[in-house]
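Each chain is listed here by its residues.
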Amino acid sequence: MTTPFTDDASSTPPPGCPAHLPGADGPGPQGLGAFGHGSHGLGAPGLRRLYGPEAEADPAGLYEKLRAEHGEVAPVLLHGDLPAWLILGHSANLTAMRTPSRFSRDSRRWTAFQNGLVGADSPLMPVIAWQPLCVFADGAEHKRLRGAVTDSLNRFDRRGVRRYVTRFTDQLVAEFGPSGRAELVSQFAEHLPMLVMTQLVGMPEEYGPRLVEAARDLMKGTETAVASNDYVVATLRRMMERKRVSPGGDLVSWLMQHHAGLSDDEVLEHLRVVLLAANETTVNLIADTLKLVLTDHRFRAHLSGGHMTLPEALDQVLWDSAPMSLVAGRWATGDTELGGQQIRTGDMLLLGLAAGNVDPVVRPDLRKPLHGNRSHLAFGGGPHECPGQDIGRAIAETGIDILLTRLPDLRLAVPEEELTWTSAWISRHLVGLPVEFTPRTAPAEPAPGTTPVVPATPSTPPPAAAPVPPAGPPAGPAFAAPVPRQRRGWWHTLTGLFRR
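The sections below set out a description of the structure shown in this document. (Residues numbered from 1 in each chain as written. Predicted model: local features only at pLDDT ≥ 70, side-chain atom pairs only at ≥ 80, totals over all residues. Heavy atoms only, no water.)

What to know about the packing of helix α13 (residues 264-295) against helix α15 (residues 310-320)
Then, number 1: Closest axis-to-axis distance for the α13/α15 pair is 10 Å, and the angle between their directions is 105°. For the element pair α13 / α15, the angle class is roughly perpendicular. Residue-level inspection shows L285, D288, T289 and L292 of α13 in contact with α15, the latter providing L314, V317 and L318.
Then, number 2: Across the contact of α13 with α15, the residue classes tally to 5 nonpolar, 1 polar and 1 charged. (Axes fitted to C-alpha atoms, helices over the stretch in contact; angles between N-to-C directions. Helix = DSSP H or I, 4+ residues; strand = E, 2+ residues; numbered from the N terminus. Parallel < 35°, antiparallel > 145°, perpendicular 65-115°, else oblique. Contact = heavy atoms within 4.5 Å. Nonpolar A, V, L, I, M, F, W, Y, C, P; charged D, E, K, R; others polar.)

In structure tokens:
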């Protein structure tokens, strides 16, 4: 495979990038990636990296160092020592989210693409490579695609969603209840959202357990991740063919019938984003909320005593532990200013959701509870605000409520200090949450007509379907530079960013 860029295009960084800050040294002959490697996560010219040991060990600490050094907006280096701006301030994040005329979502504007600085195998590609999705669109095209997704998601009856959550929570508790012990990340949080979403998408009941295992497999980046992704894609295509003949009250049917006129490939790609990417954030929200309930005695006492509702508890977690630490990204449509920094046309900006949520301007005392305050950044804001946040909250809230009701003496089985996380530049994930409780000697029976949840069988991956050739992208605007194709599947590479 060849790259569409000339060799000499990589010899200079894009104008206006953080490498051109006053006092910065120019790049070496191999471009930005040839900057010297400093200590403590620093790269020449002294910019901090959002990858590597320091960033992965203590991302929150890194954000505070950047805030102290640069204020609301900080110059940083991404994988390959590519420059970007990390937005740390709450207000500055909202400005970038709410003004697409200044900060576009179309990654083809990135100067690094224009100058050939991003290789096809860059770990940034799964997140920033342009796709024919509403998340990479602006203006009329964004309105068309986003409208179809939002209209379809809003058609769901929230009471119906909660009934699904209750049913599957009972099934999961029935699996581990008799033992009196469980690991709530792998046995509960990683199962529940996908089981519910299969019902909302309109899949037959028996698809649920297999699809959960496929989703978990591909998001963890195992050797069978490509086969699992093929299984998900093939399953969605089969569903689309079924719904073309026999439509129903589900997301597949509503997207296919929407007056926006989505193509089959657009329907498929948006279904996959809703099913998989949104699943990951809900998994993190459930796991982090359960961790807080089990480790903060004041929190648990307030919750059980009626002084704090579960929705208020979720809001506190969304402030303190955003399911996504940052979002990449936005791209400057022209020379502008943000947070005291001079941003140049084509510069990349990263939305610092976790950092913005602890901005001292809006939270001078992090110990103060934020009951009922939903001005956090966890779901984004502006035209690209998460369209499925209500469904995600309903799954987390109802699932945790039913779990605590079924197992009222649920308690952590290890010291809190033994809990561990894995971190990447966009996400922080709780590895495990072992608990113990009084065994349920008479677990609830599955509801009539449902299929019991099948325990994980890692040795037997989902069968691989024949790869589906991707549709060619539509012609981009005049400013767009070609983006190198990836040598590996999009979701196969994305797994490494979430679970390393």
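Anyway, onward from the coordinates.
Thoughts on the sheet that holds strand β11 (residues 411-412)
Then, number 1: Strand order in the open sheet made by the 3 strands is β6-β14-β11, with antiparallel pairing throughout. Bordering the open sheet on either side are β6 (181-183) and β11, each of which pairs with just one other strand.
Then, number 2: Relative to strand β14 (residues 434-436), β6 runs antiparallel, the two sharing 3 bridges. In the sheet register, A182 faces β14, and the bridge partner there is V435. (Pairing = 2+ DSSP bridges.)

Details of the pattern of salt bridges
Then, number 1: What the rule picks out here adds up to 25 salt bridges.
Then, number 2: The residue E54 makes a salt bridge to R48 at a minimum N-O spacing of 3.6 Å. The pair formed by E54 and R48 is uniform in burial state, with each residue classed as buried.
Then, number 3: Its salt-bridge partner being D170, residue R406 comes within 2.6 Å of it at the nearest N-O pair. (Salt bridge = Lys/Arg side-chain N within 4 Å of Asp/Glu carboxyl O. Buried < 20%, exposed > 50% of the residue type's maximum accessible area, 1.4 Å probe, protein only.)

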